[in-house]
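For reference, the chains in residue letters:
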Amino acid sequence: MSSKTKTPQKIPVSVIAKPGSSKANKTGSWRTQYPICDKNKCTACTLCVLYCPEGVIKVDKKSKYFVDLDYCKGCGICALICPVKALEMKPERR
Ligand code: SF4
Ligand code: SF4
């Protein structure tokens, strides 16, 4: 067995310029689909909040979840991760 160790290689990282910069730019104008939340199905588990890469799923005063569509990119991760299928992706109509 060789005693040589490999030099760690650099791992490519995200190109977001600085933390929170995605909130600086409205992205909803080029989105092709958007999520809607059935508040009757939502169990408030917060999984969608944890997995949304943009941090745009918020809670209103009645503890109901909603998406800030000005900044949502329509990636669909929230709908995939929701365990009770409360989030559904709909096509944008322009
Ligand atoms: S579609 Fe993507 S960006 Fe929009 S709320 Fe869901 S996870 Fe976040
Ligand atoms: S993942 Fe689904 S059930 Fe959980 S908070 Fe989000 S919308 Fe509600």
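The rules behind each value
Residues numbered from 1 in each chain as written. Chains lettered and ligands numbered in written order. Predicted model: local features only at pLDDT ≥ 70, side-chain atom pairs only at ≥ 80, totals over all residues. Heavy atoms only, no water. Helix = DSSP H or I, 4+ residues; strand = E, 2+ residues; numbered from the N terminus. Buried < 20%, exposed > 50% of the residue type's maximum accessible area, 1.4 Å probe, protein only. Contact = heavy atoms within 4.5 Å. Areas by Shrake-Rupley, 256 points an atom, 1.4 Å probe, with all protein chains shown as cover. Near = heavy atom within 4 Å. Nonpolar A, V, L, I, M, F, W, Y, C, P; charged D, E, K, R; others polar. Patch = residues over 30% accessible without salt bridge, like charges linked within 9 Å, V, L, I, M, F, W, Y side chains within 5 Å. Salt bridge = Lys/Arg side-chain N within 4 Å of Asp/Glu carboxyl O. Core = buried A, V, L, I, M, F, W, Y, C linked by side-chain atoms within 4.5 Å. pLDDT = per-residue confidence, 0-100.

Remarks on the overall build of the protein
Across its full length, the protein holds two helices and four strands. Starting at the N terminus and walking to the C terminus, you meet the elements of the protein as β-α-β-β-α-β. A buried classification covers 26% of the 94 residues belonging to the protein. Within the protein, contacts between residues separated by at least 24 positions form 70% of all contacts whose residues are at least 6 apart in sequence. Summed over all atoms, the accessible surface of the protein reaches about 7,500 Å², with 57% contributed by carbon and sulfur.

A few points about the site of ligand 2
Lining the immediate surroundings of ligand 2 are Cys42, Thr43, Ala44, Cys45, Thr46, Cys48, Tyr65, Cys82, Pro83, Val84, Ala86 and Leu87. A per-class count over the shell around ligand 2 returns ten nonpolar, two polar and no charged.

Topic: the site of ligand 1
As a structural note, the neighbourhood of ligand 1 is formed by 13 residues, with Cys52, Cys72, Cys75, Gly76 and Cys78 the closest of them. The class makeup of the residues in the shell around ligand 1 is nine nonpolar, two polar and two charged.

Some details on a nonpolar patch on the surface
Taken together, Leu50, Tyr51 and Ile77 make up a surface patch of nonpolar side chains, about 320 Å² in accessible area. Tracing the sequence through the fold places Ile77 in helix α2 (residues 77-81).

Comments concerning the nonpolar core
Inside soluble globular proteins, nonpolar side chains tend to come together where they are buried. By size, the foremost hydrophobic cluster in this structure holds 14 residues, and its most contacted members are Cys48, Val56, Ile57, Val67, Cys78 and Leu87. Elements represented by at least two residues in this core include exactly β3 (65-67), α2 and β4 (87-91).

Describing the environment of Cys75
You can see Cys75 is positioned in the loop between β3 and α2. Taking the C-alpha atoms as reference, Cys75 lies 8.8 Å from Cys52; in sequence the two are 23 residues apart. Those residues in contact with Cys75 that sit more than four places away from it in its chain are Gln33 and Pro53.

What to know about the environment of Lys39
Among the structural elements, Lys39 can be located in the loop between β1 (33-37) and α1 (47-51). Of the residues examined, Lys39 reaches a relative accessible area of 34% and is grouped as partly exposed. In this structure the C-alpha to C-alpha distance between Lys39 and Lys64, which are 25 residues apart in sequence, comes to 6.6 Å. Ignoring any residue separated from it by four or fewer positions in sequence, one finds Lys39 in contact with Asp60, Lys64, Tyr65 and Phe66.

Examining the confidence of the model for the protein
Within the protein, residue pLDDT values average 81, and 69% of them lie at 70 or more. Confidence drops under pLDDT 50 across residues 13-17; counting only partners more than four residues distant or on other chains, this segment forms one contact.

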